Structures are given as structure tokens and as C-alpha cells.
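Spelled out from the first residue to the last, the chains are:
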There are 2 protein chains.
Amino acid sequence: MKNEMKPITLDDIAVGDRYLSREFPLDTAQIKDFASNFDPQPFHLDETAAAQSFFGGLAASGWHTAAMTMRLMVESVPFAGGLIGAGVEISWPRPTRPGDILRTESTILDIVPSQSRPDRGIVTLQTDTFNQNGEQLQKLVSKLLVFRRGAD
Amino acid sequence: MKNEMKPITLDDIAVGDRYLSREFPLDTAQIKDFASNFDPQPFHLDETAAAQSFFGGLAASGWHTAAMTMRLMVESVPFAGGLIGAGVEISWPRPTRPGDILRTESTILDIVPSQSRPDRGIVTLQTDTFNQNGEQLQKLVSKLLVFRRGAD
């Protein structure tokens, strides 16, 4: 478990290393604000419409959950040079709701040094997002570009 | 090519159907605003720091590109009951930049009726996001829950 924010490189990490975030409280106004900008569907904007929808009540956009997860990752996964994603896979096992308090657990699944560029590698990182009841809201698997010590 | 917004169901679609969005202009202020909320890394917030980074200049968060893509999908892909995602895969072939004008092309790749729930199915939709020069900024493949006619 590593929570310190000293920048780390490809040389400092191992498969299985884990990074835990702080908690991120979410309220109705944030859900509606994000949705009005980026995902203006009734079940993200209006309690009455949401109650009659597939979600059975107001739910955050999955993209909002992803964006909040990124905020928590930036604060908790201290790769030198930053978090630079080449690609991701996401699933949302359950909706994110008003009043949820989000937190993330990020675990290194794989580390592949580049053959052609010896100063870098690709790290596969799984980031699970939970609410305050330990229910999983999102599973994210990211391919991240990570540099070696002294690469910059 | 279908741009009309009459709601459509699982019974109305076929593999290969395409949906084109409007254009979405992006400026520096929007990039910094999203990043300050959700992805506060120097290459998304500060031109000078960005110039010296991997990106070589200010770049939008990939999650911002994803969020803008969702906005364009909501406006252009008229599934009855809305766009309800079970999971997605994303890659970002190149950074999104200030001044880019985004648009999306969404294509139905696969349609799988549910065995257990006859009122619905899972549709695989590929959404490519381009800038005004036709350069691809993002590839998104979504698994969406789509209902049959009269399901609600």
C-alpha cells in the first residue's frame, strides 16, 4: 500500500502494488451539473423522470463516475511525468447515486518495458471505484505510459 | 446515415447503421475548466508546463474528450429509453487540442437480443471522434442496453 506522493518511475514499481485514494463526496447538484454539460439525459437530470427510468432514481453519468475516478487517481497514483493513458476499459456494475462517497483502489496488474524506447514502458493499472458501503461502482483497466528513472 | 431524432428501438436497427453528430468547438478555457475539476495535471492546465511535457503543448484530458463525445452521442443516437452503457473500451490515438472542432460518427457493430429478457438486447456501437482536419482523437466501443418496441 503506497499513499505517499513522491514521484515514482518504472524502476520503482512491481505487479501488485496498490494505491488508495481519499474520499470524494458527491451530491445531487454535481450530478446535474455534469450531466447538463456532457450527458443531458432525463435519468441524470430530473428525479421524477429518473424514478420512472431503468435506473429507478437519479443516477450520475458513467462518464461523471469516470471523471471523479480520474481525479482520485491523479491524487493517489504518483507516476513521474503524470498519468498518461493510451487506452482503457470500463464497466459500471451499479449506478453512482447522490450522497455516494467515492474512493478508489488502484492495483498494478502488468508492467511491460518498451522494446523500441528503453526510457519507458506500459503499465496496466486496475482502478476499482467504491462507495461508502463498499459497493463497486466502476471497474477501470488503464494502459498507462510510465517512464524510467532519469528519462526526463 | 440517420440523423433524425425519432426514438428507435432494437426492432428498428441493423448492423452498419450510422449516426453523425453536429460539430462541437473546444477552446482553452473549457480544457482548463474540465481539468481543474477532474484531471488536474500540468499538461491539461498550463501552456508552459504542457510545452515541456510528453504532449508538447496544451492537451485536453482524455476524459474530457470522452465526455464531449457522450454529449454528441446523446444528441445524435436516438435510442428509445436513452443511452445506457454497460461497459466501454476507449483509445486515444492523438491528443485533443484547443481550437479543435469535434464531431462523432457512431456505427452499429453488433446486435444481440437477450435470451432471458425478451424486451431488450445489447448493441455494440463504435463511436469515432474526429477533429476538423479529419484526424481521429478517440475510438470508443460501447455495449449499450437497447429496448424493443413497446418495452416501456
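Higher on the page you've got the structure.
Please read all numbers here as calculations on a predicted model, not as lab measurements. (Residues numbered from 1 in each chain as written. Chains lettered and ligands numbered in written order. Predicted model: local features only at pLDDT ≥ 70, side-chain atom pairs only at ≥ 80, totals over all residues. Heavy atoms only, no water.)

Caption draft 1: Inspection of the nonpolar core at higher detail. W63, F79 and I90 of chain A together with W63, F79 and I90 of chain B are the most contacted members of the largest nonpolar core, which totals 80 residues. In this structure, F79 of chain B is in contact with I8, I13, Y19, I108, V123, L144 and V146 of chain B, ignoring residues within four places of it in sequence. (Core = buried A, V, L, I, M, F, W, Y, C linked by side-chain atoms within 4.5 Å. Buried < 20%, exposed > 50% of the residue type's maximum accessible area, 1.4 Å probe, protein only. Contact = heavy atoms within 4.5 Å.)

Caption draft 2: Region of interest: the side chain of D128 of chain A. Residues and elements named next belong to chain A. By secondary structure assignment, the location of D128 is in strand β5 (residues 120-130). No salt bridge forms around the buried D128; measuring N to O, its nearest opposite-charge neighbour K139 is 6.4 Å away. In terms of polar contacts, D128 uses its side chain to reach the side chain of Q126, at 3.0 Å. With sequence-adjacent residues up to four places away left out, D128 is seen in contact with R103, T104, E105, Q136, Q138 and K139. (Helix = DSSP H or I, 4+ residues; strand = E, 2+ residues; numbered from the N terminus. Lys, Arg positive; Asp, Glu negative; His and termini not counted. Salt bridge = Lys/Arg side-chain N within 4 Å of Asp/Glu carboxyl O. Polar contact = N/O pair within 3.5 Å; in protein donor to acceptor, adjacent residues only side chain to side chain.)

Caption draft 3: How the structure looks around the interface of chain B and chain A. Taken together, the contact between chain B and chain A spans 34 residues of the former and 34 residues of the latter. Around 2800 Å² of area is buried between chain B and chain A when both sides are counted, 69% of it from carbon and sulfur atoms. Broken down residue by residue, the surface that chain B buries against chain A is led by F38, F54 and W63 of chain B, which jointly contribute 24%. The interface formed by chain B and chain A holds 0 salt bridges in total. Elements with a contribution of two residues or more to the side of chain B that touches chain A: α1 (28-38), α4 (62-76), β3 (84-91) and β6 (136-147) of chain B. Here the side of chain B that touches chain A is composed, by residue class, of 21 nonpolar, 9 polar and 4 charged. In terms of strand pairing, strand β3 (residues 84-91) of chain A meets β3 of chain B through 5 bridges, oriented antiparallel. Paired with G87 of chain A across the two strands is S91 of chain B, which belongs to β3 of chain B. (Buried area = accessible area lost by both parts, 1.4 Å probe. Nonpolar A, V, L, I, M, F, W, Y, C, P; charged D, E, K, R; others polar. Pairing = 2+ DSSP bridges.)

Caption draft 4: The packing of aromatic side chains, seen in detail. Counted according to the given criterion, the structure contains 14 aromatic pairs over all chains. With a centroid separation of 5.7 Å and an interplanar angle of 80 degrees, the aromatic rings of F34 of chain A and F38 of chain B are classed as edge-to-face. Of this pair, F34 of chain A sits in helix α1 (residues 28-38) while F38 of chain B sits in helix α1, on two different chains. Note on F34 of chain A: relative accessible area 4%, which makes it buried. In this structure an aromatic cluster arises from ring pairing among F34 and F38 of chain A together with F34 and F38 of chain B. (Phe/Tyr/Trp six-rings, centres within 6.5 Å; stacked < 30°, edge-to-face > 60°.)

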